[in-house]
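# Understanding the architecture of this molecule
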Amino acid sequence: MRKHSGGNPLRVGMTGFVVLADDEGAVVAAELVYRPDDCLAVRLVLVGPDGMEVTWTFAWELLALGLMYPAGDGDITVRPVPDPLAGIEVALGSPSVARVWLPVADTADFVRRVRRRVGRDVGGIAPALDQELAAITSEASGA
């Protein structure tokens, strides 16, 4: 698919807390990233104490819904975390289990900023999506 080049990525850095399946936890650097060329997704980038990066990609709307109530029924779920943490939990259920707690204020700021941009970015990728769909349809029909 042709890449849409309509602007710079939006990045919001914060400190998160990750808990793995064995209930061991660690404070990690976290970054939420929105890219105009993939305007339906958010990337959650975690940087561990050893400098290793792990990235999860999922729908940014799942993150937005998870600020208000539990959302998601697949491999990734998002839900508010009550006081005293006042955060949001992003959980990855497959192939392993991990939970990441993020600060609610930083996450809500990220979602607000994405909402201001996404309409323009979706319009920008529509021609590329149409072109890709035409190519798939052409291949399927044997043309």
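Residues numbered from 1 in each chain as written. Predicted model: local features only at pLDDT ≥ 70, side-chain atom pairs only at ≥ 80, totals over all residues. Heavy atoms only, no water.

Take the overall build of the chain next. Along the backbone of the chain there are two helices and seven strands. When the elements of the chain are put in sequence order from the N terminus, they spell out β-β-β-β-α-β-β-β-α. Counting all 143 residues of the chain, 35% fall into the buried class. A sequence separation of at least 24 residues applies to 41% of the contacts in the chain between residues at least 6 apart. Only carbon and sulfur atoms are counted for the fraction: they give 56% of the accessible area of the chain, which is about 8200 Å². (Helix = DSSP H or I, 4+ residues; strand = E, 2+ residues; numbered from the N terminus. Buried < 20%, exposed > 50% of the residue type's maximum accessible area, 1.4 Å probe, protein only. Contact = heavy atoms within 4.5 Å. Areas by Shrake-Rupley, 256 points an atom, 1.4 Å probe, with all protein chains shown as cover.)

Atom-level detail of predicted coordinates should not be read off regions where pLDDT is low. Of the residues in the chain, 87% reach a pLDDT of 70 or more, and the chain-wide mean stands at 85. pLDDT under 50 marks residues 1-5. Its contacts with residues more than four places away, or in other chains, come to 13 contacts. (pLDDT = per-residue confidence, 0-100.)

Bringing the pairing of strand 7 (residues 98-103) into the picture now. Residues Ala98, Val100 and Leu102 point to one face of strand 7 and are all buried, whereas Arg99, Trp101 and Pro103, pointing to the other face, are not buried. For strand 1 (residues 10-20) and strand 7, the ladder comprises four bridges, and the chain directions are antiparallel. Paired with Leu20 across the bridge in strand 7 is Ala98. Judged from the six bridges that link them, strand 6 (residues 87-92) and strand 7 form a sheet pairing that is antiparallel. The residue of strand 7 that forms the bridge with Val90 is Val100. (Pairing = 2+ DSSP bridges.)

What follows concerns the sheet that holds strand 6. Taken together, seven strands build an open sheet; the order of strands is 4-3-2-1-7-6-5 and the sheet is antiparallel. Across the chains shown, the open sheet's two edge strands, defined by having one partner strand only, are strand 4 (53-59) and strand 5 (76-81). With strand direction ignored, the average angle separating the axes of adjacent strands in the sheet is 30°. (Axes fitted to C-alpha atoms, helices over the stretch in contact; angles between N-to-C directions.)

This next bit is on the side chain of Arg43. With respect to the helices, strands and loops of the structure, Arg43 is situated in strand 3 (residues 41-47). Only 2.8 Å separates the side chain of Arg43 from the side chain of Asp38, close enough to count as a polar contact. Beyond its immediate chain neighbours, meaning those up to four positions away, Arg43 contacts Glu31, Leu32, Val33, Arg35, Asp38, Thr55, Trp56 and Thr57. (Polar contact = N/O pair within 3.5 Å; in protein donor to acceptor, adjacent residues only side chain to side chain.)

Locating Glu89 in the fold gives a position in strand 6. Of note is the side chain of Glu89, whose polar atom sits 2.8 Å from the side chain of Trp101. When neighbours within four sequence positions are excluded, Glu89 is seen to be in contact with Thr77, Val78, Arg79, Val81, Arg99, Val100 and Trp101.

This part covers the nonpolar core. Ranked by size, the top nonpolar core spans 31 residues in total, and within it Leu44, Phe58, Leu63, Val90, Leu102 and Phe110 carry the most contacts. Look past the residues within four positions of Leu63 in its chain and what remains in contact with it is Leu32, Val42, Phe58, Val78, Ile88, Val90, Thr107, Phe110 and Val111. (Core = buried A, V, L, I, M, F, W, Y, C linked by side-chain atoms within 4.5 Å.)

The subject of this paragraph is the pattern of salt bridges. On inspection of all chains with the given rule, the structure shows six salt bridges. In this structure, the salt-bridge partner of Arg43 is Asp38, at a minimum N-O distance of 2.8 Å. Residue classification places Asp38 among the partly exposed residues on the basis of a relative accessible area of 24%. Put simply, Arg79, Glu89 and Arg99 are held in one network by salt bridges that share partners. (Salt bridge = Lys/Arg side-chain N within 4 Å of Asp/Glu carboxyl O.)

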